[in-house]
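Remarks on the overall topology
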Amino acid sequence: MTYSKLDKEMLEPFGGTKKHNLNSILKLKSKTCDTTNALLPADYHDIDSFIRHIKIKKGTKFITLSLNIESISSKFNKLTAFLETLSKENCFLDAILIQESWLSDEDCKSDGTIKLFSIPGYQTIPLGRKCGRKGGLIIYLRDHYTYVSRDLYKTSTDWEGQFID
């Protein structure tokens, strides 16, 4: 779906993209110029256009998917089915960034619930929820990458953060 189609079909009844533009709401300005282009609208894809997009980027970029999953336990099968569809097309994501896993610190321990949510070909890097019952983060990083966790998160009631190199 194009940005203009999104504006017309989905956001127009609520004031359009101008009213809901995050750049405008936050009054962000680009560091390189005086315009408010710090954030660009996300592309919306169906499965076929998503696969085409990945194939175009393959080999030239580190490809990530950021997903607010609203409970990994209720949507894990859909996530793995989606990844299987991509795999059949020889398309792979380098990292999958999950928000709202709804998992606790206890769930994220190596002998805990997190084992149920491992994905073949990916390392699972979880962080238990810190901001209410709907928090929790997971980074799924392709096995061929190495990483080091960075302890940059400062306790907050407003946000969660997970950092790796």
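Residues numbered from 1 in each chain as written. Predicted model: local features only at pLDDT ≥ 70, side-chain atom pairs only at ≥ 80, totals over all residues. Heavy atoms only, no water.

Glancing now at unusual backbone geometry. Residue Glu 70 is not a glycine yet carries a positive backbone phi of 45°. Structurally, the position occupied by Glu 70 is in the loop between β1 (64-68) and α5 (72-88). Residues other than glycine seldom take positive phi values, yet Trp 102 does so here, at roughly 70°. With respect to the helices and strands, the residue Trp 102 is situated in the loop between β2 (95-99) and β3 (122-127). (Helix = DSSP H or I, 4+ residues; strand = E, 2+ residues; numbered from the N terminus.)

All right, on to the sheet that holds strand β4 (residues 137-142) then. The mixed open sheet is built from four strands, whose spatial order is β1-β2-β4-β3. What marks the edges here is a single partner per strand, and that holds for β1 and β3. When the angles between neighbouring strand axes are averaged without regard to direction, this sheet yields 15°. As paired elements, β2 and β4 share five bridges and run antiparallel to each other. Within the sheet, the bridge partner assigned to Leu 97 lies in β4 and is Ile 139. (Pairing = 2+ DSSP bridges. Axes fitted to C-alpha atoms, helices over the stretch in contact; angles between N-to-C directions.)

This paragraph deals with the packing of aromatic side chains. All told, the structure shown has four aromatic pairs when counted by the stated rule. Their ring planes at 55° and their centres at 5.4 Å tell us that Phe 50 and Phe 82 sit as a pair that is tilted. With Phe 50 in helix α4 (residues 47-57) and Phe 82 in helix α5, the pair connects residues that are 32 residues apart, well separated along the chain. For Phe 82, a relative accessible area of 23% puts it in the partly exposed group. On the basis of an interplanar angle of 80° and a centroid distance of 5.2 Å, the ring pair of Tyr 153 and Trp 159 is categorised as edge-to-face. Judged by its relative accessible area of 15%, Tyr 153 is buried. The ring of Trp 102 is capped by Arg 133, whose NZ or CZ atom sits 5.8 Å from the centre of that ring. (Phe/Tyr/Trp six-rings, centres within 6.5 Å; stacked < 30°, edge-to-face > 60°. Buried < 20%, exposed > 50% of the residue type's maximum accessible area, 1.4 Å probe, protein only. Lys NZ or Arg CZ within 6 Å of the ring centre and 35° of its normal.)

Turning next to the confidence of the model for the chain. When pLDDT is averaged along the chain, the result is 83, and 75% of the positions lie at 70 or above. Highest mean pLDDT in the chain belongs to β4 (98); lowest belongs to helix α1 (residues 3-11) (59). (pLDDT = per-residue confidence, 0-100.)

Turning our eyes to something else, we now look at the nonpolar core. Membership of the largest hydrophobic core comes to 23 residues, with the highest contact counts inside it found for Ile 72, Leu 79, Leu 86, Leu 93 and Tyr 140. Of all the secondary-structure elements, those providing two or more residues to this core are α4, α5, β2 and β4. Looking at which element gives the most residues to this core, the answer is α5, with five residues. Not counting residues within four places of it along the chain, the set of residues in contact with Leu 86 comprises Ile 47, Phe 50, Ile 51, Ile 54, Cys 91 and Leu 93. (Core = buried A, V, L, I, M, F, W, Y, C linked by side-chain atoms within 4.5 Å. Contact = heavy atoms within 4.5 Å.)

Relative orientation of the contacting elements α4 and α5 amounts to 55°, with a least axis distance of 11 Å. One way to sum up the angle between α4 and α5 is to call them oblique. The element α4 and its partner α5 pack so that their crossing is right-handed. Taken together, the residues of α5 that come into contact with α4 (itself represented by Ile 47, Phe 50, Ile 51 and Ile 54) are Phe 82, Thr 85 and Leu 86. (Parallel < 35°, antiparallel > 145°, perpendicular 65-115°, else oblique. Left-handed = near helix turned anticlockwise from the far one by under 90°.)

Tracing the backbone shows Tyr 145 in the loop between β4 and β5 (149-150). Residue classification places Tyr 145 among the partly exposed residues on the basis of a relative accessible area of 26%. With 51 residues separating them in the primary sequence, Tyr 145 and Asp 94 have C-alpha atoms 8.5 Å apart. Tyr 145 has contacts with Phe 62, Asp 94 and Gln 123, leaving out every residue within four places of it along the chain. Reaching out from Tyr 145, the side chain makes a polar contact with the side chain of Asp 94 at a distance of 2.8 Å. (Polar contact = N/O pair within 3.5 Å; in protein donor to acceptor, adjacent residues only side chain to side chain.)

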